[in-house]
Every structure is written in C-alpha cells, then in structure tokens.
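Residues per chain, in single letters:
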Amino acid sequence: MATWVSILDQIGQHCAYVLLSDAVLPSPLPAALVALGLLLVALLLLSGYLACLRGARLRAQQKELAAAKEMLQEQKAVLAEAEGEVEKLKGILRRKSAPMLKVVHELRAPIASIQSSLDVILQGYAAGASPLSDEMLRLARDRAGVTLMLINDLLHLGSIQQAEMEKRVQPVQVVDILWRVIPEMRIRATLRGVDLHLDVPDTLSLIGATDEHMEQMLSNLIDNAIKYTDPEGRVAISLKEEDRCVVGEVEDTGIGIAPQDMSRIFEEFYRAENAKEVEPYGTGLGLPIVKRVVELYGGQLHVQSELGKGSKFTFAFPKVGRAGDAEAPTT
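First things first, this report covers the structure right here in the doc. (Residues numbered from 1 in each chain as written. Predicted model: local features only at pLDDT ≥ 70, side-chain atom pairs only at ≥ 80, totals over all residues. Heavy atoms only, no water.)

1. Let's talk about the packing of helix α5 (residues 211-227) against helix α7 (residues 286-296)
Right, on to step 1. Two elements in contact, α5 and α7, have axes whose closest approach is 9 Å; the angle formed by their N-to-C orientations is 140°. As summarised for this structure, α5 and α7 are arranged oblique, according to the angle between their axes. The way α5 lies across α7 gives a crossing that is left-handed. Contact with α5, carried on its side by His213, Met214, Gln216, Met217, Asn220, Leu221 and Asn224, involves Gly286, Leu287, Ile289, Val290, Val293, Val294 and Leu296 of α7 and no other residues of that element.
Right, on to step 2. In terms of residue class, the contact of α5 with α7 is made up of nine nonpolar, five polar and no charged. (Axes fitted to C-alpha atoms, helices over the stretch in contact; angles between N-to-C directions. Helix = DSSP H or I, 4+ residues; strand = E, 2+ residues; numbered from the N terminus. Parallel < 35°, antiparallel > 145°, perpendicular 65-115°, else oblique. Left-handed = near helix turned anticlockwise from the far one by under 90°. Contact = heavy atoms within 4.5 Å. Nonpolar A, V, L, I, M, F, W, Y, C, P; charged D, E, K, R; others polar.)

2. Here's the deal with the nonpolar core
Right, on to step 1. Grouped together as the largest cluster of nonpolar side chains are 43 residues, with contacts concentrated most on Leu178, Leu196, Met214, Met217 and Ile222.
Right, on to step 2. Elements represented by at least two residues in this core include exactly α4 (174-192), β2 (195-199), β3 (206-209), α5, β4 (234-242), β5 (245-252), α7 and β7 (310-321).
Right, on to step 3. Ranked by residue count, the leading element in this core is α4, at eight residues.
Right, on to step 4. When sequence neighbours within four positions are dropped, the list of residues in contact with Leu178 reads Leu198, Val200, Leu218, Ile222, Ile237 and Leu239. (Core = buried A, V, L, I, M, F, W, Y, C linked by side-chain atoms within 4.5 Å. Buried < 20%, exposed > 50% of the residue type's maximum accessible area, 1.4 Å probe, protein only.)

3. Points about the pattern of salt bridges
Right, on to step 1. Under the counting rule described, the total for this entry stands at 13 salt bridges.
Right, on to step 2. Measuring nitrogen to oxygen at the nearest pair gives 3.6 Å for the salt bridge that ties Lys227 to Asp223. Of this pair, Lys227 and Asp223 both sit in helix α5, four residues apart, which is roughly one turn of the helix.
Right, on to step 3. Overall, Asp223 belongs to the buried group, its relative accessible area being 15%.
Right, on to step 4. Where Lys240 meets Glu242, a salt bridge forms, and the shortest distance between an N and an O atom there is 3.1 Å.
Right, on to step 5. Using a relative accessible area of 35% as the deciding quantity, one classes Lys240 as partly exposed.
Right, on to step 6. For Glu242, a relative accessible area of 38% translates into the label partly exposed.
Right, on to step 7. Each of Glu184, Arg188, Asp223 and Lys227 takes part in one network of salt bridges that share partners. (Salt bridge = Lys/Arg side-chain N within 4 Å of Asp/Glu carboxyl O.)

4. Focus on the packing of aromatic side chains
Right, on to step 1. In the structure shown here, the tally under the stated rule is one aromatic pair.
Right, on to step 2. On the basis of an interplanar angle of 55° and a centroid distance of 6.0 Å, the ring pair of Phe315 and Phe317 is categorised as tilted. In this structure, Phe315 and Phe317 share a single accessibility class: buried. (Phe/Tyr/Trp six-rings, centres within 6.5 Å; stacked < 30°, edge-to-face > 60°.)

5. Brief notes about the pairing of β5
Right, on to step 1. Here β5 lies mainly inside the structure; six of its eight residues are buried.
Right, on to step 2. As consecutive antiparallel partners, β4 and β5 are separated by two residues, and within that stretch Asp243 has a phi angle of approximately 55°, a positive value. (Pairing = 2+ DSSP bridges.)

6. A short note on the packing of α4 against α5
Helix packing geometry: the angle between the two helix axes and the distance between the axes.
Right, on to step 1. Put simply, α4 and α5 touch, their axes get as near as 9 Å, and they point 25° apart. Taken together, the axes of α4 and α5 are roughly parallel relative to one another. The chirality of how α4 crosses α5 is right-handed. Along the contact surface, α4 presents Val174, Ile177, Leu178, Arg180, Val181, Ile182, Met185, Arg188, Ala189 and Arg192, while α5 presents Asp211, Met214, Glu215, Leu218, Ser219, Ile222, Asp223, Ile226 and Lys227.
Right, on to step 2. Of the residues that constitute the contact of α4 with α5, the class distribution is 11 nonpolar, one polar and seven charged.

Written out as structure tokens, the structure reads:
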C-alpha cells in the first residue's frame, strides 16, 4: 500500500512540474496534454490499487466466512451430540420414573378404598346396620393388608438392590432357612386346602448368600405355589445336591403359566391374567424378587409350566463349603 501511495505522489509532482514549467515545454498545449496523460496513468494506477485492495478485502472476508462456516459446523456437531445426550438422559428419567409412577398407582387404590370405607362408618351411614359396618371394616382391613404387602415387597426389592452394591455374602445353610419358612407356609396351605409335601435332607453344603435374601426367595416361591393352586391340589418342595451346586425345586399342580406370559413373569409389577382371576390384589413383585436373589448370588433359575396343569421352579446355587465347616469363603 505504501508503494502505491508513493507512485501516485510522484506522478502528481510530475504533473505539477509540467504544467508550471515553461523551460521544459515552450507551448502550454503540449504541456497540458502531457499532464493529462500523466493524470490518466495516475487514475489507472489508482483504479488498479483500489481493485487490488477490494480483492484483498474480499479474500479476507472469504477466509473469515470459511472459518465461520467451519466453526458453525463444529458447533452444530457439538449441539447434535449434546441433544443426543439429553435424549439419553430423558430416556433414563422416563425408565426410572415409570416404576415409581406404577408404585404410586398401586398404593393409591388400596389407600383410597380404606379411606372410603372408614368414611362410610365415621359419617354414620353404617350406623344401625351391623352387616354393612362389618363389610366396610373387612374391606378396609383387606386393602390395608394389600398395601402392607406391597410396601414389604418394595422394601425387600430395595434391600436386594442395596446388596447388589455392597456385595454382602455369607455362608448359608438353605435347609435351616427352609425350616424357618415352613411353619407359616403350612398354615397357608391348610387354610387353602392344599397338600404341602417336603423332600429335604437333614443338611446340605453351604452356599454364599444371606439368610434374609434366601428367606425372601423361598417364601415367595412357596407362597406363590400355594396361592395359585386350587384346593385339594399339591405343592412339593425338595432340596438336594448335584455336582457343585445346591438345587431346590418348588412344584405345584396349580393354574400354570400361559406361553405368552413366560417371557414376562419376572418383570416388576407384571401379573398374568389367570393369576389376577385367582388373586386380584397381588403386587407382581414376588417372582422379580426371586430372580434378583438368584442372580445376585451367582445362581440359576429355571421354569417349567403348562397352563392349567401347574409349574415347577428350579433354582441352583454354587457350593462354597461343607455343612460341617465352621466358616466358608466370603466376598
């Protein structure tokens, strides 16, 4: 740029010299022509300079535009990635909130029923009508029992999830735990008119688990078998050792499981239609708890069932020690 300015300055000086100097050119007309020619040259040079300047500015603007486009593409990529992460988080929140909404829904119905029944009694509508009062109280009691059952199952599920993080494992004698569960199960079987049969040895090898979780697993399996077996039906429980595992079976002659329900029976809150017909107010958490316990302690769970003819649940846990060992490995 300094060079162009210097050239134009020199041309201007030459033009002034030609016009003002009589010594160089005797006639003023040729001098004017020469000055005009020099001026035209100056204008051409100025036009070229301005064109070069515009070209330089245009190239600079194009570079800036290209850089801005590249930055915009990068920002778009970052934004797309951020939107993808947001969608993932939304999906996680939806999956996390869905079970909670289900729990709230399941708790709301029995609590509303209890409230309505107690309102009927407290407002005097059942006064002087003992059968109605008794019916309302029985309804409130039954629904309170359902609510308590759901809360207990949720607490059990929560304790298993906590154990999954803590990985607490102890030597457990399954036979001893079964005999702690059996007295209550005998009462339930008797009330329903179901024959409860046991084939259990005096002792077995130890497995790695916790007493609490084994009790929850056995209680849920046996209670389900009794609950969904018709009067005069049979529930058989057996424990044994096979190779390196302690194996248990709970078999019933109950309602069975339809083929379309087999893949969903371990889903939380899921209940098959034939199960709802027998027991309208189940929680749908019993079998999910069983599955969680078995998986937590490295076991295996298998189901065989035929609709209308019964079901057999088989579980197996690896041995961690002999029955007479004072201690067994823990993790």
